[in-house]
Structures are given as C-alpha cells and as structure tokens.
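Survey of secondary and tertiary structure
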Amino acid sequence: MKYTNPIIPGFHPDPSVCRFGQDYYLVNSSFEYFPGVPIYHSRDLMNWRQIGHCLTRESQLPLRGVKPSDGIYAPTIRYHEGRFYMVTTNMTGGGNFYVWTEDPAGEWSDPIWVAQKGIDPSLLFDGGKVYFTSNGTGWAPVRGAYQCEIDIASGKQLTESKFLWPGTGSSYPEAPHLYRIGDWYYLMLAEGGTAECHMVTIARSRDPYGPFESCPHNPILTHRSLMNEIQSTGHGDLFEDHHGNWWIVFLGYRYGEYSWHHLGRETYLAPVEWIDGWPVVNRGEKLLCTMEVDRQMTSHPWPAEPVSDGFDSPKLAHCWNHLRNPDPSLYSLTERLGSLRLTCGKPTIDDLDSPAFLGRRQEHLACEVSTLIDFTPVSENEEAGLTVLADNRHHCELAVSLLGGKRCAIVRRRIGSLSAEVACEELPEGPVELSIRADKTTYRFLAGSPGELKDLVTAETRYVSTQVAGGYTGVYFGLYATANGEDSSGKAYFERFDYRTPAK
C-alpha cells in the first residue's frame, strides 16, 4: 500500500477518526471559521473527500467578535449504536459540548453541554458507561488528563472529575484520548506544545481511572530535533481498520521557506503495530511524505474536485468558509446566475467582525488561484478582490478599487501594525481577472483583462506564516468586498474562482 502524506493538506489540524463498517470519517479544528468542524469521508484511508461540516448553524456555533485562533478547538468523532458524536470546545462560546447525527453528511444536533472544563475533549463508550476526558489546563491544580462519566442523552456529569495522568513531564499535556483495547485502557496525550517539540505519548491501565503506567518507549511519535520534511508531529488519534490493522492520524506541517510554515498544521497518517502490549508507530522510524507500507487496502478514489467554481449552484461547495458568523445580506448566489455577489459592507478584513468574505484553505505550497470579477466601484472607499489571509493583522490583498477617479488594481500588504499599498495598475473597462501564483517562498500578484495579465508585485510567504502571525490556523485564499467602514451599496460579482496546482 502506497500513499502520500499529508492525507489532507493545508490547514487541517487536530485530526480525529472513527470507523463505521468500511467507511471512515475524520474531523478537524476550525477556530474562527464558519461553518465549523469540517468532516471528511474515506474508504481506503488514502483518498478523502469533504462531505460537509458538523456545525452549520449559529445556534451551534456563535462566533461573533471571536479573535483569531479562538472559537472551535480540537474535536473528537466517535460512533456508538447508530449515532455519530462529535465533541469539542468553543473557547469563547460556552466550553465543552457535543453534537450528534445519524448521517455524518447531514445536519447535526444542537449542542449538548458538559460541565467538565478543559479543552480537547474525547468520548469513550464502554460497557454501558460514557467516559468524558479533557485536559486540565487553566482550571485544575495539575496539568494532565481528567475524566468523568456523563449521561450521553443530556450531557449531565454523573461523577466527579478525576485526575488520570500528567504525561511524561513535557509541557502542555493535552488532547487526551482513552481507548479500551482488549483488557487494557490506553490513555494517549499530546505533549510538548504545538511547535517543533510536539509529540504523542501513551500510558495504560486495567482500570479506566488508573493508575496509568507510562509506555517504556515514550514518546511513541515525534519529529523533534529531526531534519525532516514533516515537522511538529503530534495530537494523534488511534483507530483500527476493517482488516484489523491499526493506524494513527496526527498533525504536522511542512516548511515553506527555511523554518517558516504558512499552510497550517495538516493531517497525516502512519501505520501502528502492537508489540508487547504497546503501540509502535511506523516501526519507530520517521514519517515521510511518500509512504509505502506492507498492508493491503483496496483503493477507492473519489472524483477529482473541479478546478473552477462557477457559482452555478444555490449552495456553496463544502470547501468554502466565512470569517465568524456571516451577515446573509452581504452574499447572494442567485441574484445573477453563475455569479457570487458580495456587497461592500462596513466590516473589513482588519476587523474582528464578519466582512463579506468567502475563503478556502491554501492546500499546496505551489498553486495558482484566480477569479473573474465584475465590479465598478463608485467611491474610493469601495474595494473587492482576492486576499491571502493568515489573520486580521497578517494578510495581502489584490483588489479592484477607485483611485483618483480611475479604476485600478491595487496590492496591499498588512504585517502587524504596518499596512501599505505596494502596487497600483489602471484597469481596462469590463470584467477583469485577478490572479495569485504561489510557490514555497513567494506570492505573485497579477491583474488585467482575461488572458492579458500583468505582474504587479510579489510578497514573501514568511510574513503570513505561523512564526510571524502566531495562532493555530493556516492561510486562506479569499474573495472579499468592503466599503472600509463607510455606508455603501456597491456590489462585486465574482463569475468564477479557480484553484490550480502544477501538473504532475
């Protein structure tokens, strides 16, 4: 069996998997983006397609005013007696909760709240009991994993929260998952923080409340101090496939330039073997982007995602996200057939608000995005176009705007408190094409009549990297419109959006 890591590229951190028969479902953190918690489906572990989101309504996911990298943290997905459960934390909207569904591609329930605090919650269904596990950061006297039993119908806590295990002594013990495997209970943690010292550790006990014995070869997964194309491996989830083989999904990232990474933390896969009652990941060897393992799995590819989105459906494709809870009045897919209309509202990308913004993750270091936009601003406060977005203080725009009475393409860069327009080019009449071409180190911004684009300027990827911007997300390519704080009725019509990668 040969496969490519990451199995889900771009900003897809904190993966969790459950299996139902021969179908596998995977969820990721989503932070300030809406809808929340993307869900993926696979039948071979190599090929994944997004089938929706778990949190699609504001009643499930209030995000108004949420800061970057707040909102939804590390979800866990589990299946039990005909229902799928997704448990997670809204850092700024109530704490720990779970939702459920009988169809993971459909609508999920409203939140069921759990009193136990902490982040990175997980569920174990075992012998009629439901164990709820989370970490002790910020609320408990000792860092580590804590656990209680809950009533799955109501979320009511049935037992007191009990401390389980502090980990191996590294910083930030979090992401606890409790598993029942044979006669043992295994408790897995992430430790070391989410950067280059990240790792996965594990312990076991005959009782779900311990005491827990640490694995003699901890950490079972880490790339700390390794010169490797995959860095910061950690935050894993174990699962068994329908052939009886064991695997782990986990996060990691790939560098762009030197030690900067801007795509965000991605989802990776590695084989697991059980030796002397302990899991051994990839035979103890480092993980690679091209993996070949001695296992059989029938390949099940999905139809290729289209390169171009012509906005010819009344619903958006699953890849699209808003910043926080969107204002519906700023969007339309039906006003003009085959176009996305964005209205120039007051909020901007700089604000902790929800501007007219529709973004999708940058998933490849080398790629090109472009759009055909029909927009004639009537005042100099109006603009619409493409953005490269890390957060509200680290982004670049390629926009159509009005300067000195002339319609122009401008490029603006924001790095923290510094913001400057770095290019300006007068545009011809009619719809114009905007394009951003990316490689590991740079973004190139181009604009002009369709098929007659002119290079305007380049920008370094490092300035939208996690090491510069901070936080836990990755870069989005977005379509946006704004009146920069003024009242406006200006409308921008995006007739298509293309996402291309180099031919292999």
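Above this text is the structure in question.
Read on for an overview of the structure. (Residues numbered from 1 in each chain as written. Predicted model: local features only at pLDDT ≥ 70, side-chain atom pairs only at ≥ 80, totals over all residues. Heavy atoms only, no water.)

Another aspect to go through is the overall build of the chain. Within the chain, the regular secondary structure consists of 1 helix and 39 strands. Relative to a compact globule of 504 residues, whose C-alpha radius of gyration would be 23 Å, the chain shows 23 Å and is just as compact. Counting only C-alpha atoms and orienting by the principal axes, one finds that the chain spans roughly 75 × 45 × 40 Å. Taking all contacts inside the chain whose residues are at least 6 apart in sequence as the whole, residues at least 24 apart take part in 58%. As displayed, the chain has an accessible area near 19,700 Å², and 49% of this comes from carbon and sulfur atoms. Averaging the locations of the 45 positively and 62 negatively charged side chains of the chain gives two centres separated by 2 Å. (Helix = DSSP H or I, 4+ residues; strand = E, 2+ residues; numbered from the N terminus. Rg over C-alpha atoms; globule rule 2.2 N^0.38 Å. Contact = heavy atoms within 4.5 Å. Areas by Shrake-Rupley, 256 points an atom, 1.4 Å probe, with all protein chains shown as cover. Lys, Arg positive; Asp, Glu negative; His and termini not counted. Charge placed at Lys NZ, Arg CZ, Asp CG, Glu CD.)

Another point: the sheet that holds strand S20 (residues 231–240). Adjacent strands of a sheet pair through backbone hydrogen bonds, lying either parallel or antiparallel. Taking strand neighbours across the sheet as the criterion, the 4 strands line up as S20-S21-S22-S23 in an open arrangement whose pairing is antiparallel. Unpaired on one side and paired on the other, S20 and strand S23 (278–281) mark the two borders of the sheet. Strand-to-strand twist in this sheet, taken as the mean axis angle between neighbours without regard to direction, amounts to 35 degrees. The sheet contact formed by S20 and strand S21 (residues 246–253) spans 6 bridges and is antiparallel. Each bridged residue has a counterpart across the sheet, and for Leu238 the counterpart in S21 is Ile248. (Pairing = 2+ DSSP bridges. Axes fitted to C-alpha atoms, helices over the stretch in contact; angles between N-to-C directions.)

Here we take up the packing of aromatic side chains. In this structure the tally under the stated criterion is 28 aromatic pairs. When the ring of Tyr85 is compared with that of Phe125, the centres are 5.2 Å apart and the planes differ by 40 degrees; the resulting orientation is tilted. Placement of the pair is Tyr85 in strand S8 (residues 83–90) and Phe125 in strand S11 (residues 122–126), with a sequence separation of 40 residues. Taken individually, Tyr85 and Phe125 each receive the classification buried, so the pair is uniform in this respect. Here the aromatic rings of Phe311 and Trp320 are separated by 6.0 Å at their centres, their planes lie at 40 degrees, and the arrangement is tilted. Given a relative accessible area of 3%, Trp320 falls into the buried group. Taken together, the ring pairs connect Phe11, Phe31, Tyr33, Tyr73, Tyr472 and Tyr476 into an aromatic cluster. Above the ring of Trp184, the side-chain terminus of Arg204 is found at 4.1 Å from the ring centroid. Taking the ring centre of Trp247 as reference, the NZ or CZ of Arg295 above it sits at 4.7 Å. (Phe/Tyr/Trp six-rings, centres within 6.5 Å; stacked < 30°, edge-to-face > 60°. Buried < 20%, exposed > 50% of the residue type's maximum accessible area, 1.4 Å probe, protein only. Lys NZ or Arg CZ within 6 Å of the ring centre and 35° of its normal.)

A large share of strand S3 (residues 23–27) lies buried, amounting to 5 of its 5 residues. Between the antiparallel neighbours strand S2 (residues 16–20) and S3 lie 2 residues, among them Gly21 with a positive phi of about 65 degrees. Two elements, S3 and strand S5 (residues 36–42), share 4 bridges in a ladder whose sense is antiparallel. Each residue of the ladder has a partner; that of Tyr24, found in S5, is Ser42.

With that out of the way, let us pick up the pattern of salt bridges. Summed over the entire model, instances satisfying the criterion amount to 26 salt bridges. Linked by salt bridges that have partners in common, Glu383, Glu397, Arg412 and Glu421 make up one network. (Salt bridge = Lys/Arg side-chain N within 4 Å of Asp/Glu carboxyl O.)

What follows covers the environment of Glu335. By secondary structure assignment, the location of Glu335 is in the loop between strand S27 (331–332) and strand S28 (340–343). Residue Glu335 is classed as partly exposed on the basis of its relative accessible area, which comes to 36%. Setting aside chain neighbours within four positions, we find Glu335 in contact with Arg341, Lys491 and Tyr493. Of note is the side chain of Glu335, whose polar atom sits 2.9 Å from the side chain of Arg341. One polar contact links Glu335 to Tyr493, side chain to side chain, over a distance of 2.5 Å. (Polar contact = N/O pair within 3.5 Å; in protein donor to acceptor, adjacent residues only side chain to side chain.)

A separate point is the pairing of S21. Most of S21 sits inside the fold, with 8 of its 8 residues counted as buried. Residues Trp246, Ile248, Phe250 and Gly252 line one face of S21 and the alternating positions Trp247, Val249, Leu251 and Tyr253 line the opposite face, and both faces are buried. Between S20 and S21, which pair antiparallel one after the other, the connecting turn spans 5 residues, and Gly244 there sits at a positive phi close to 90 degrees. Here 7 bridges tie S21 to strand S22 (residues 266–275), and the two strands are oriented antiparallel to one another. When the bridges of S22 are listed, Leu251 appears paired with Thr267.

A few words on the side chain of Asp23. Examined against the element boundaries, Asp23 turns out to sit in strand S3. Setting aside its immediate chain neighbours within four residues, Asp23 contacts Cys18, His41, Ser42 and Arg43.

Along the chain, Glu421 falls in strand S34 (residues 418–426). Setting aside its immediate chain neighbours within four residues, Glu421 contacts Leu403, Ile410, Val411 and Arg412.

Take unusual backbone geometry next. At the junction of Phe34 and Pro35, the peptide bond is cis and its omega measures out at -5 degrees in the coordinates. Its identity as a non-glycine residue notwithstanding, Arg324 has a phi of 60 degrees, on the positive side. With respect to the element layout, Arg324 can be found in the loop between strand S26 (322–323) and S27.

As for its position among the elements, Thr201 is in strand S17 (residues 199–205). In terms of polar contacts, Thr201 uses its side chain to reach the side chain of Glu191, at 2.6 Å. In this view, Thr201 contacts Trp165, Thr168, Leu187, Met188, Leu189, Glu191, Asn218 and Pro219; residues no more than four positions away in its chain are not counted.

A separate point is the sheet that holds strand S33 (residues 406–415). The 6 strands are arranged S29-S38-S31-S32-S33-S34 in an open sheet whose pairing can be described as antiparallel. Unpaired on one side and paired on the other, strand S29 (356–361) and S34 mark the two borders of the sheet. This sheet shows a mean twist of 20 degrees between the axes of neighbouring strands, independent of strand direction. Here 8 bridges tie S33 to S34, and the two strands are oriented antiparallel to one another. By the bridge assignment for S34, Ile410 is matched with Cys424.

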